[in-house]
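Structure at a glance
Residue-level listing of the chains:
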Amino acid sequence: MTTYPLPAAAAAKTAAPKFHIPYHEPFFDEREEQSVVEAVRSGYTQGGGKFTKQVEAAIRARTGAQHALVTTSGTHALELAMMVLNLGPGDEVIVPSYTFAATASCVVRQMARVVFCDVRRDNLNIDVADFARRITPKTKAVIPVHYAGIACDMDELLEVARRRGIAVVEDAAQSFDTTYRGRQLGTLGEIGCLSFHGTKNVAAGEGGAFLTNDSSLARRAEILREKGTDRAQFLRGEIDKYTWRDVGSSFIPSELVMALLSAQLSKIDQIQTRRVAIFDRYMLALAPLAKEGRIGLPHVPAGSRPNAHIFYFFAKHLADRDRYYEALRTRGIQAMLHYTPLDDSPFGAQFRAAGEAPLPAARWVTDCMLRLPLFVRMTDAQVEEVIGAVTELARP
Ligand SMILES: Cc1ncc(COP(=O)(O)O)c(C=O)c1O
């Protein structure tokens, strides 16, 4: 059993290295505290209460989605999406290799086959031409991931998917509040999945949402989310008792989490304004280095406004990236790496076609990209310090 405080030796072992500019910090204050206390005092802590309704209404208002169902995580929103679409053995789902494991594991849980495709070298998002090449008669869905809150080439992807009768499930875990040609990401495909994980712009510890404009998908998702029952209809007073209707699981979050999320959502303009200002400053200040060919900056598709979830740049090669990584950290700036390609992971490699080599662009971006600190309370001086350090290292 762990005792607190930890003995000094154990505490030293578990202590995170100290950075005077951390990669991330949550933006919590007394508003979150008051909201959670209100939920506790109300005595109603299970899912489906006042805070759940408030949050779902706020997500609908912000995204324009007709239906928003909150879930216990972004992973669970993706699993719910695969269940609602009735994916199963014999079906194939195309997933970019450069993403979080949940984007692919939701497919595997349904006993469907993951088909990995490659990503763009200039923004780590799905390579639409490679996606199109991998379509077979068994392809039922594609899961584009809007990495870092930067939109995939959705017009091109949707055109291919619609022509070939393939459902589009947007993994918008990182892209809540990103616009693409006047619409919010997560509302362009059949289903969109958001995450409110503790590291996201709008954070609730763990949490997610399932978005759709399709009423029949929403109706079924509501049942699957509630253990396969019609409890949601019962809570709305539409039926006098609820019963088992379908397969299901427990994807509805507690009111405690929704209370936290509701406070975060009330601060969304403040959160986004500051994050976008930092993102824009990084882009502007590092543009000369990109012009000189020393680093690469993220490509943002025309007509899209990133939500500033992550700011990253590309070094020239792996050793160059490691040089930035080590040097920034030595200076107390918590630069971060990110995913390794799923098609070359211990579990994911089994889904590569026989004899197929690991996907080259996914490997290249993994080797070359580096994430820089970005959080609401980051000061202008901290932003300039990071820019100064990167500039110095880029022009040795
Ligand atoms: C691209 C992507 N997909 C899915 C997820 C899963 O979301 P969650 O952590 O809320 O389960 C994440 C979150 O970390 C993510 O970044």
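Given the structure is predicted, the values throughout are model-derived calculations rather than measurements. (Residues numbered from 1 in each chain as written. Predicted model: local features only at pLDDT ≥ 70, side-chain atom pairs only at ≥ 80, totals over all residues. Heavy atoms only, no water.)

Overview of the overall build of the chain
From N to C terminus, the chain includes 14 helices and twelve strands. Relative to the 2.2 N^0.38 estimate, which gives 21 Å for 396 residues, the radius of gyration of the chain is 22 Å and therefore close to what a compact globule would have. The principal-axis extent of the C-alpha atoms belonging to the chain is close to 70 × 55 × 50 Å. Burial analysis of the chain (396 residues in total) assigns 54% to the buried set. As displayed, the chain offers around 17100 Å² of accessible surface, 56% of which is attributable to carbon and sulfur atoms. In the chain, the 47 positive side-chain charges and the 45 negative ones have mean positions that sit 1 Å from each other. (Helix = DSSP H or I, 4+ residues; strand = E, 2+ residues; numbered from the N terminus. Rg over C-alpha atoms; globule rule 2.2 N^0.38 Å. Buried < 20%, exposed > 50% of the residue type's maximum accessible area, 1.4 Å probe, protein only. Areas by Shrake-Rupley, 256 points an atom, 1.4 Å probe, with all protein chains shown as cover. Lys, Arg positive; Asp, Glu negative; His and termini not counted. Charge placed at Lys NZ, Arg CZ, Asp CG, Glu CD.)

With respect to the pattern of salt bridges
Think of it this way: side chains of opposite charge can pair up when their charged atoms draw near. Following the criterion strictly, the structure yields 34 salt bridges and no others. Put simply, Arg163 and Glu159 hold a salt bridge, and the shortest N to O gap is 2.9 Å. Taken together, the positions of Arg163 and Glu159, both in helix α7 (residues 154-164) and four residues apart, correspond to about one turn of that helix. The partner of Glu226 in a salt bridge is Arg231, and the shortest N-O contact between them spans 2.5 Å. (Salt bridge = Lys/Arg side-chain N within 4 Å of Asp/Glu carboxyl O.)

Describing the pairing of strand β8 (residues 191-195)
When you tally the buried positions in β8, you get five out of five residues, the bulk of the element. Here β8 shows two buried faces, one formed by Ile191, Cys193 and Ser195 and the other by Gly192 and Leu194. Relative to strand β9 (residues 208-212), β8 runs antiparallel, the two sharing five bridges. Residue Leu194 lies in a different strand from β9, and its bridge partner there is Ala209. (Pairing = 2+ DSSP bridges.)

Concerning the sheet that holds strand β7 (residues 183-184)
The antiparallel open sheet is built from three strands, whose spatial order is β7-β6-β10. The strands lining the two open edges of the sheet, one partner per strand, are β7 and β10 (304-305). Pairing analysis gives two bridges linking strand β6 (residues 179-180) to β10, with the strands arranged antiparallel. Across the sheet, the residue bridging to Thr179 is Arg305, located in β10.

As for a nonpolar patch on the surface
Nonpolar side chains collect at one region of the surface, where Phe234, Leu235 and Tyr242 lie side by side and expose about 260 Å² of accessible area between them. Among the secondary structure elements, Tyr242 is positioned in the loop between α9 (231-235) and α10 (255-266). (Patch = residues over 30% accessible without salt bridge, like charges linked within 9 Å, V, L, I, M, F, W, Y side chains within 5 Å.)

A look at the site of the ligand
Around the ligand, the structure places 16 residues, and the nearest of them are Gly74, Thr75, Asp171, Ser195 and Lys200. Here Ser195 contributes a side-chain N or O atom positioned 2.7 Å from an oxygen atom of the ligand. Residue Tyr339 places a side-chain N or O atom 3.1 Å away from an oxygen atom belonging to the ligand. The greatest single-element share of the shell around the ligand, amounting to three residues, is contributed by helix α4 (residues 74-84). For the shell around the ligand, the residue count by class is five nonpolar, nine polar and two charged. (Near = heavy atom within 4 Å. Polar contact = N/O pair within 3.5 Å; in protein donor to acceptor, adjacent residues only side chain to side chain. Nonpolar A, V, L, I, M, F, W, Y, C, P; charged D, E, K, R; others polar.)

Spatial relationships are all this shows, so hold off on functional conclusions.
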